[in-house]
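# Close look at the chain arrangement
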Amino acid sequence: MNNLELDTPKQTHASDPKLANAWKAKAGRDLTEAEVLAMPEAEYMNDKQLDFFRVTLQRLKDDLLNNAGETTEHLREDTSIVPDPADRATIEEEHALELRTRDRERKLLKKISQSLGRIESGDYGFCDETGEPIGLGRLIARPTATLSLEAQQRRELKQKMFGD
């Protein structure tokens, strides 16, 4: 199973009558994932869905920024001199791992900011290559997605065949 299959939950809620209309009485920020998935296709990227994704992306951004602050504090705390070379190596390896994680998160923050900009410009939820809807399931799993599942698969196949 590749990452894309894990990335796209099945739309199983569309037939649930309780969920089918629940979204109508709620603000976008108060919707659940199941309620968003149960919305009719004709409502794709309406104001409530955009609000739902805006809040989701902002929450993700806030969490990443909080983690970055904790990393700074953690790295400051562990700067004491450790005489044992094995302990020092362990601490340095932990720091390196934490810094690599933060670097990935920094890149994700950039994607989140771009996604928030796409919401404001009206491009969010539509594939960069084809202009087709990306799909709610994929966006819930990966709110920063800019390609439809098919376009992403084509890109990955091309990368596998020709390298980066």
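For the structure given in this document, a descriptive report is provided here. Within each chain, residues carry numbers counting from 1 in the order of the written sequence. For this predicted model, a pLDDT threshold of at least 70 governs which residues receive local features, and a threshold of 80 or more governs which side-chain atom pairs are given and counted, while totals over whole chains, interfaces and linings are taken from all residues. Think of the side-chain values as coming from all heavy atoms in the structure, minus any hydrogens and water.

### A short note on the overall build of the chain
Put simply, the test is: For helices the rule is a DSSP run of H or I covering at least 4 residues; for strands it is a run of E covering at least 2, with both sets numbered from the N terminus onward. With a 1.4 Å probe rolled over the protein chains alone, any residue whose accessible area is under 20% of its type maximum counts as buried; one over 50% counts as exposed, and the rest are partly exposed. Per-residue and other accessible areas follow the Shrake-Rupley method at a 1.4 Å probe size, with only the shown protein chains counted as cover for residues.
Summing up its helical and strand segments, the chain has seven helices and zero strands in all. Counted from the first residue to the last, the chain has its helices and strands arranged as α-α-α-α-α-α-α. Expressed as a percentage of its 164 residues, the buried residues of the chain come to 30%. Summed over all atoms, the accessible surface of the chain reaches about 10700 Å², with 51% contributed by carbon and sulfur.

### So, the environment of R155
What counts is decided by this rule: Note on contacts: a residue pair qualifies if any of its non-hydrogen atoms lie within 4.5 Å across the two residues. By the criterion applied in these results, polar contacts are pairs of N or O atoms within 3.5 Å in which, for protein atoms, one can donate a hydrogen and the other can accept it, and in which residues neighboring in sequence qualify only through two side-chain atoms.
With respect to the secondary-structure elements, R155 resides in helix α7 (residues 149-162). On the accessibility criterion, R155 (38% relative accessible area) is partly exposed. Apart from the residues lying within four places of it in its own chain, the contact partners of R155 are E129 and L147. Side-chain polar atoms of R155 contact the side chain of E129, separated by 3.1 Å.

### Observations regarding the packing of aromatic side chains
Rule in force here: Within 6.5 Å between ring centres, the rings of Phe, Tyr and Trp (the latter by its six-membered ring) count as paired, and their orientation is classed by plane angle as stacked under 30 degrees, edge-to-face over 60, tilted in between.
Under the criterion given, the structure shown has three aromatic pairs. Ring geometry for Y44 against F126: centres 5.4 Å apart, planes inclined by 90°, an arrangement best described as edge-to-face. Note that Y44 is positioned in the loop between α3 (33-38) and α4 (47-77) and F126 in the loop between α5 (85-121) and α6 (136-141), a separation of 82 residues in sequence. The interplanar angle of 50° and the centroid separation of 5.5 Å between the aromatic rings of F53 and Y124 together place this pair among those described as tilted. Note that F53 is positioned in helix α4 and Y124 in the loop between α5 and α6, a separation of 71 residues in sequence. We note that F53, like Y124, is buried. Joined through ring pairs, the aromatic side chains of F52, F53 and Y124 make up one cluster.

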